[in-house]
Amino acid sequence: MNSFDTLLSFIESELGFATSHYDSSYLDRRISSRMRRTGIETYDRYRQRLETDADERTALLDALSVNVTSFFRNPDVWAEVRRVLRSLTESGRHVKLWSAACSDGREPYSLALLAFADSEIDETKIRITATDIDREVLAKARHGVYRSTRTTDIAEQLEPLDGYERFVQRDDTEFRVPDRVKRLVEFERHDLIHGRSKSDFDFVSCRNLFIYINAEHKLPMLQTITDSLRTGGYLVIGKTETLPDVLKEGYDSIDKRLRIYKKTIEVE
Ligand SMILES: C[S@@+](CC[C@H](N)C(=O)[O-])C[C@H]1O[C@@H](n2cnc3c(N)ncnc32)[C@H](O)[C@@H]1O
C-alpha cells in the first residue's frame, strides 16, 4: 500500500470517515490543502500528525465534509421543478417528495416554500421526507434558522421566490423558516449506500452528492433512489452529475441539461 492509501485507510478506520466511498482526487485535494496549512510535506508525516493531534483530526474532518448547499441552488432547475410539482399536485392526490442528501435543510425547505408560494401547487397535498447521513446537519435542518455571513447571502438565495418575506421570518441577517412551512418536512438520518430503499415516492431530488462519490458507490446509491420511486415518478440529480448507463434505460429525460428524469420502467 502506498503512503496515500495508508493515510486513507487510517482516516477511515481511526477517524470514521468513509474514504473508500469518495473520489480519490477529491480526497487528495482536501487533504493536500490541510497539509499546506500545517506545513507538512508528506502523507506519512501528516498521518503521524493526525495520530497525535486531536485539533488537526477535527480540522481534517471539517475539510472533508461536503455540506455546501443553498436555497434554490441553480434557479433554472427550480423553475422546472416548480412545473413538475404543479403537474404532480394537479390530480388532487397526496404527493410524496424526498430530498435525499439534504444537508442543512435548505433544499427540502425550498420545496416546501415553493409549494406555499405557488398558487398552482396545493401545499396541503405535499409531504416531504428529507434525509442525510450527517447528524449535525440534520440538527441544523430541524432548527431551520439560517444566517447571512460575509460569504453567504441568504436573501439572494431566496430571491427566486417572489416576496419570500411572506414565508420566511427575517430579522436582519437571520432567516427563520416558520412552523407552518417546517410542518411539511420530516427529517431523518439515512445512508444512501447502506440504508434501505423507500417506496412510492413521486419525486426524488438527490443533487450534488455524486460529484464526490466514486463510481463503485454511485451505482448502489442511485439504485436505492430508483427503487424508491414509483413508475412515473421524477428524479432530479445535480447539474454536473450523470446517471450510470444501466439505470438510464429506466428513465425518460425530461430536461437533459437540468438533469430531470421520469421513471418509465422497473429495471432489475
Ligand atoms: C453537497 S451536499 C448537497 C446538499 C443538497 N442536495 C444540495 O444540492 O445543495 C452533500 C450531502 O450529502 C451527504 N452525504 C454524504 N454521503 C452520504 C450518504 N452515504 N448518504 C446520505 N447522505 C450522504 C452529506 O452529508 C452532505 O450533506
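It should be emphasised that the depicted structure is a prediction, and the values quoted were computed from it without experimental measurement.

What counts as what
- The residue numbers shown here count from 1 along each chain, following its written sequence.
- Reporting of local features is limited, given that this is a predicted model, to residues whose pLDDT is at least 70; pairs of side-chain atoms are given and counted only at 80 or more, and all residues count toward the totals for whole chains, interfaces and linings.
- Where side-chain values are given, they derive from all heavy atoms of the structure, hydrogens and water being excluded.
- Helix and strand assignments come from DSSP, with helices taken as H or I runs of at least 4 residues and strands as E runs of at least 2, each series counted from the N terminus.
- Each radius of gyration reported is based on C-alpha atoms, and the globular scaling rule is 2.2 Å times the count of residues to the power 0.38.
- In this description, contact between two residues means that some pair of their heavy atoms is separated by no more than 4.5 Å.
- Definition used in this section: a nonpolar core is a set of buried Ala, Val, Leu, Ile, Met, Phe, Trp, Tyr and Cys residues joined via side-chain atoms within 4.5 Å.
- Relative accessibility thresholds used throughout: buried, under 20% of the residue-type maximum; exposed, over 50%; partly exposed, between the two (1.4 Å probe, protein chains only).
- Proximity criterion: a residue is near a molecule or strand once any of its heavy atoms comes within 4 Å of it.
- Polar contact is defined as a pair of N or O atoms within 3.5 Å, subject to the rule that within protein one atom must be able to donate a hydrogen and the other to accept it, and that residues adjacent in sequence are counted only when both atoms are side-chain atoms.
- Where accessible areas are quoted, they stem from the Shrake-Rupley method and a 1.4 Å probe; at the residue level, only the protein chains shown are allowed to cover.
- A cavity here means a set of points on a 1 Å grid, drawn over the protein atoms and nothing else, where a 1.4 Å probe fits but cannot get out; a pocket is an open set with protein on both sides within 12 Å along at least five of seven lines, and a residue lines either one if it has an atom within 4 Å of a point.
- By definition, a pocket or cavity contains a molecule when more than half of the molecule's atoms lie within 2 Å of the pocket's grid points.
- All residues other than Ala, Val, Leu, Ile, Met, Phe, Trp, Tyr, Cys, Pro, Asp, Glu, Lys and Arg, Gly among them, are scored as polar; the first ten of these are nonpolar and the last four charged.
- For the domains described, the bounds stem from an automatic or database domain assignment.
- Note: buried area is the sum, over both parts, of the accessible area (probe 1.4 Å) each one loses when the two are combined.
- Salt bridges are counted wherever a side-chain nitrogen of Lys or Arg sits within 4 Å of a carboxyl oxygen of Asp or Glu.
- A fitted line through C-alpha atoms represents every axis, and for helices the fit uses only the stretch in contact; the resulting angles, taken between N-to-C directions, go from 0 to 180 degrees.
- The labels follow the angle: roughly parallel below 35 degrees, roughly antiparallel above 145, roughly perpendicular from 65 to 115, and oblique for the rest.
- Crossing handedness: left-handed means the near helix sits turned counterclockwise from the far one by under a right angle, and right-handed means the same turn made clockwise.
- To estimate how far a helix should reach, multiply one less than its number of residues by 1.5 Å.
- Grid points are joined across faces, edges and corners, and a volume is the space filled by probe spheres set on the points.
- In short, DSSP must find at least two bridges between two strands for them to pair.

Here we take up the overall build of the protein. The secondary structure content of the protein amounts to 11 helices and 10 strands. Taking 268 residues into account, the globule formula puts the C-alpha radius of gyration at 18 Å, and the protein, at 20 Å, falls close to it. For the protein, the spread of C-alpha atoms along the three principal axes comes to 60 × 50 × 30 Å. Put simply, 71% of the contacts in the protein that link residues at least 6 apart link residues at least 24 apart.

Counting 43 residues, the largest nonpolar core has Val-81, Leu-85, Leu-113, Leu-158 and Phe-203 as the members making the most contacts within it. When contributions to this core are tallied by element, the ones reaching two or more residues are helix H5 (75-90), strand E1 (95-100), helix H6 (106-117), strand E2 (126-132), helix H7 (135-143), helix H8 (154-158), strand E6 (185-189) and strand E8 (229-237). Here Val-81 is in contact with Leu-111, Leu-114, Phe-203 and Val-236, once residues within four sequence places are set aside. By size, the runner-up hydrophobic cluster in this structure holds 39 residues, among which are Phe-4, Val-66, Leu-222 and Tyr-261.

Moving on: the site of the ligand. By nearness alone, 20 residues border the ligand, and Thr-69, Arg-73, Ala-101, Asp-132 and Asn-208 come closest of all. Thr-69 is positioned with one of its side-chain polar atoms (N or O) 2.6 Å from an oxygen atom of the ligand. When isolated, the ligand has an accessible area of 600 Å², and the protein chains bury 97% of it. According to the grid-proximity analysis, the pocket containing the ligand is the largest pocket. When its residues are assigned to classes, the shell around the ligand shows nine nonpolar, five polar and six charged.

In this section: the domain arrangement of the protein. Looking at the protein, the domain boundaries give domain 1 (3-64) and domain 2 (75-263). A C-alpha centroid distance of 31 Å is found between domain 1 and domain 2. In terms of surface lost to domain 2, no three residues of domain 1 exceed His-21, Tyr-22 and Asp-23, which account for 74% of the buried area on that side. In this assembly, domain 1 and domain 2 are joined by zero salt bridges. Where domain 1 packs against domain 2, one counts four residue pairs in polar contact (both at pLDDT 80 or more). A per-class count over the side of domain 1 that touches domain 2 returns two nonpolar, two polar and one charged.

What follows deals with the packing of H5 against H6. Helix-helix packing is characterised by the crossing angle of the two axes and by the distance between the axes. Two elements in contact, H5 and H6, have axes separated by 11 Å at closest approach and are oriented at 55°. Between H5 and H6, the angle falls in the class oblique. Handedness of the crossing formed by H5 with H6: right-handed. Contact residues: Trp-78, Val-81, Arg-82 and Leu-85 in H5; Glu-107, Ser-110, Leu-111 and Leu-114 in H6. Across the contact of H5 with H6, the residue classes tally to five nonpolar, one polar and two charged.

Bringing H5 into the picture now. Between its terminal C-alpha atoms H5 stretches 23 Å, which fits the 22 Å expected from 16 residues at 1.5 Å a residue. Looking only at H5, the buried set comprises Val-77, Trp-78, Glu-80, Val-81, Val-84, Leu-85, Leu-88 and Thr-89. Following H5 by one or two positions, Gly-92 has its phi on the positive side, about 90°.

The next thing to look at is the layout of surface pockets. Space inside the largest pocket adds up to approximately 1,200 Å³. At the level of elements, helix H4 (54-64), H6 and H7 are the ones that each hand at least two residues to the lining of the largest pocket. By residue number, the principal contributor to the lining of the largest pocket is H7, which donates four residues. Residue composition of the lining of the largest pocket, by class: 20 nonpolar, 12 polar and 12 charged. Counting residues domain by domain, the lining of the largest pocket receives three or more from each of domain 1 (3-64) and domain 2 (75-263).

Hydrogen bonds between backbone atoms are what pair the strands of a sheet, whose relative direction is either parallel or antiparallel. The sheet built from seven strands is open, its strands ordered E6-E2-E1-E7-E8-E10-E9 with mixed pairing. The two strands at the open ends of the sheet, each matched to only one other strand, are E6 and strand E9 (251-255). On average, each strand axis in the sheet is tilted by 20° relative to the strand beside it, whichever way the strands run. Sheet topology places E9 next to strand E10 (residues 260-263); four bridges connect them, and they run antiparallel. If you follow Asp-252 over to E10, its bridge partner there is Lys-262. Relative to E8, H5 is tilted by about 165°, and along the sheet it contacts E1, E2, strand E7 (201-206), E8, E9 and E10. In this fold helix H10 (residues 215-228) packs onto E1, E7, E8, E9 and E10, with an angle of close to 140° to the strand it touches most, E8.

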